[in-house]
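Breakdown of the fold
Below, each chain spelled out in residue letters.
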Amino acid sequence: MQYRGLGQTGLKVSTLSFGASSLGGVFHEVDEAESIRAVHISIERGINFIDVSPFYGLTKAETVLGKALKAIGREKYILATKVGRYGQEMKDFDFSAGRVTASVDESLKRLGVEHVDLIQAHDIEFGSLDQVIGETIPALRKLQKAGKVRFVGVTGLPLAALRTVVEATPIDAILSYCHFELNDTALADLVPVFKKHRVGIINASPLGMGLLSNRGTPAWHPAPEAVKEICARAATHCRARGASIEKLAVQYSLTNPDVATTLVGSADPKYMEQNIACAEEPIDQALLAEVLAILKPIHNVTWPSGRGENN
Ligand code: NAD
């Protein structure tokens, strides 16, 4: 496993990291003991960065992760969670100072830790960016002074929203998802902006939340049909070549040296073992060229998220 600095934080994160949304059963029903094993195997094999949120499985992911973390020394992992998003509907977002402050205490309790290393405003495009900048982040900075969180970040799908916040106020890290993977590399275009502001870059969803997998997408997946269809074609092509699109997708997501870490998630220990193993292997360049050619018609095709003005 390789490790990279996360912006100016001084944290050294594994290039492949563990996203715990699967532990909340957001893709399909999962077994708790297996989920805990997936966390333990990930840490044993060198992953040191874990990301979660109270939103995943409506607190279930944090609760299961907390059980898994009991058996692991606190110095062995760098832990990130989030505030502001608590469900699927617009009404389930609350970026107010009061709510996010209480939310951190609730998360610390569920996770069984005294502090988290990174606290992130979750999916900021669903809120008012003025509120995120003027109220949420200052509230999180107070928690930093109190020692409950070490660093402060923001997450979201539209890169424009992340850029707005980074250019308006000091931020330690951004988490972008579905924008540095086989079918979408838009994050790479914004690297100079994030570097200028010394912001750590976290990439998530190398499998495009199931787009680049043999299982395919869950029912809630927001990608346009054309994207789903052409990604499924790429998966079929890999199968016909006796290869795995998941492996290619994970390997591809690790190719940008400016991205500190890429979060991949699974509650299945076998999948995490495969993901970690393939991170060590060279990418099949011929297969990569074929798959990129299949995906070309939908390259960088994304979908709207949150408030219209934040896209
Ligand atoms: P992903 O692209 O990592 O795909 C996850 C799906 O792929 C799951 O169904 C998982 O079981 C499956 N999978 C994983 N490895 C596999 C393998 N080797 N073979 C077959 N299937 C495999 O998407 P994700 O889970 O959404 O993203 C990873 C993490 O990134 C999340 O858990 C979360 O921590 C973070 N994230 C954050 C945000 C946000 O803040 N808004 C958004 C997306 C993701």
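Above this note sits the structure.
So, here's what we can say about the structure.

Definitions and limits used
- Residues numbered from 1 in each chain as written.
- Predicted model: local features only at pLDDT ≥ 70, side-chain atom pairs only at ≥ 80, totals over all residues.
- Heavy atoms only, no water.
- Near = heavy atom within 4 Å.
- Polar contact = N/O pair within 3.5 Å; in protein donor to acceptor, adjacent residues only side chain to side chain.
- Areas by Shrake-Rupley, 256 points an atom, 1.4 Å probe, with all protein chains shown as cover.
- Helix = DSSP H or I, 4+ residues; strand = E, 2+ residues; numbered from the N terminus.
- Phe/Tyr/Trp six-rings, centres within 6.5 Å; stacked < 30°, edge-to-face > 60°.
- Buried < 20%, exposed > 50% of the residue type's maximum accessible area, 1.4 Å probe, protein only.
- Axes fitted to C-alpha atoms, helices over the stretch in contact; angles between N-to-C directions.
- Parallel < 35°, antiparallel > 145°, perpendicular 65-115°, else oblique.
- Left-handed = near helix turned anticlockwise from the far one by under 90°.
- Contact = heavy atoms within 4.5 Å.
- Nonpolar A, V, L, I, M, F, W, Y, C, P; charged D, E, K, R; others polar.
- Pairing = 2+ DSSP bridges.
- Right-handed = clockwise from strand over helix to strand, strands pointing away.
- Salt bridge = Lys/Arg side-chain N within 4 Å of Asp/Glu carboxyl O.
- Core = buried A, V, L, I, M, F, W, Y, C linked by side-chain atoms within 4.5 Å.

1. Here we look at the site of the ligand
- Of all residues adjacent to the ligand, which total 27 residues, the nearest are Ser21, Asp51, Asp123, Leu207 and Asn275.
- Residue Gly19 places a main-chain N or O atom 3.2 Å away from an oxygen atom belonging to the ligand.
- A distance of 2.6 Å separates an oxygen atom of the ligand from a polar side-chain atom of Asp51.
- If the ligand stood free it would expose 830 Å²; the protein chains cover 95% of that surface.
- Listed by contribution, the elements that provide at least two residues to the shell around the ligand are strand S8 (173-177), strand S10 (261-264) and helix H9 (269-280).
- It is H9 that provides the largest number of residues to the shell around the ligand, a total of 3 residues.

2. Observations regarding the packing of aromatic side chains
- Tallied over the full model, the rule gives 4 aromatic pairs.
- Seen in terms of ring centroids, Phe180 and Tyr252 are 5.7 Å apart; in terms of plane orientation they differ by 5°. Their pairing is stacked. In this pair, Phe180 is assigned in the loop between S8 and helix H6 (186-196) and Tyr252 in helix H8 (residues 245-253), connecting sequence segments 72 residues apart.
- The exposure class assigned to Tyr252 is buried, which follows from its relative accessible area of 14%.

3. Concerning the packing of helix H1 (residues 32-44) against H9
- Where H1 meets H9, the axes come as close as 8 Å, and the angle between the chain directions of the two elements is 20°. If you check the angle between H1 and H9, you find them roughly parallel. Crossing handedness for the pair H1 and H9: right-handed. Contacts between H1 and H9 involve Glu34, Arg37, Ala38, Ile41 and Ser42 from the first element and Pro269, Met272, Glu273 and Ile276 from the second.
- A per-class count over the contact of H1 with H9 returns 5 nonpolar, 1 polar and 3 charged.

4. So, the pairing of strand S6 (residues 116-121)
- Among the 6 residues that make up S6, 6 are buried, leaving the element largely enclosed by the rest of the structure.
- Two elements, strand S5 (residues 78-83) and S6, share 4 bridges in a ladder whose sense is parallel. Bridging across to S6, Val83 finds its partner in Ala121.
- You can see the chain leave S5, run along helix H3 (residues 97-111) and come back into S6, and the turn it takes is right-handed.
- Both S6 and strand S7 (residues 149-156) contribute to a ladder of 5 bridges, which runs parallel. In the strand pairing of S7, Leu118 is matched with Phe151.
- This β-α-β element, S6 to helix H4 (residues 129-145) to S7, shows right-handed connectivity.

5. Details of the sheet that holds S5
- Taken together, the 8 strands give a closed barrel; going around it, the order is S3-S4-S5-S6-S7-S8-S9-S10, and neighbouring strands pair in parallel fashion. Taking the axes of each pair of neighbouring strands and ignoring which way they run, one obtains an average angle of 30° across the sheet.
- Across the face of the sheet, H3 comes into contact with S5, S6 and S7 while running at roughly 140° to S5.
- Where H6 meets the sheet, its contacts fall on S8 and strand S9 (200-204), and the angle it forms with S9 comes to roughly 160°.

6. What about the pattern of salt bridges?
- Scanning all chains against the criterion turns up 20 salt bridges.
- Here Glu290 ties to Arg241 by a salt bridge, and the two come within 2.8 Å at their closest N and O atoms. Within this pair, whereas Glu290 is found in helix H10 (residues 285-295), its partner Arg241 is found in the loop between helix H7 (225-240) and H8, the two being separated by 49 residues in sequence.
- A relative accessible area of 38% places Arg241 in the partly exposed class.
- Salt-bridge contacts for Lys247 lead to Glu281; the nearest nitrogen and oxygen are separated by 2.6 Å. With a gap of 34 residues between them, Lys247 in helix H8 and Glu281 in the loop between H9 and H10 connect regions that are remote in the sequence.
- For Lys247, a relative accessible area of 32% gives the class partly exposed.
- Overall, the relative accessible area of 38% leaves Glu281 in the partly exposed class.

7. Some remarks on the nonpolar core
- Ranked by size, the top nonpolar core spans 107 residues in total, and within it Leu65, Ile124, Val154, Ile174 and Leu182 carry the most contacts.
- Apart from the residues lying within four places of it in its own chain, the contact partners of Ile124 are Phe95, Leu129, Val132, Val154, Thr155, Ala161, Leu162, Val165 and Asn310.

8. Things to note about the environment of Val301
- Inspection of the secondary structure assignment puts Val301 in the segment after H10.
- Sequence-wise, Val301 and Ala243 are 58 residues apart; in three dimensions their C-alpha atoms are separated by 25 Å.
- Once residues lying within four places of it in the same chain are set aside, the contact partners of Val301 are Asp184, Pro224 and Val227.

9. Examining helix H2 (residues 60-69)
- Counting buried residues along H2, 7 of its 10 residues qualify, which places the element largely inside the surrounding structure.
- Residues of H2 that are buried include every one of Ala61, Glu62, Val64, Leu65, Gly66, Ala68 and Leu69, and no others.
- Those residues of H2 that are buried are in contact with H1, strand S4 (49-51), S5 and H3.

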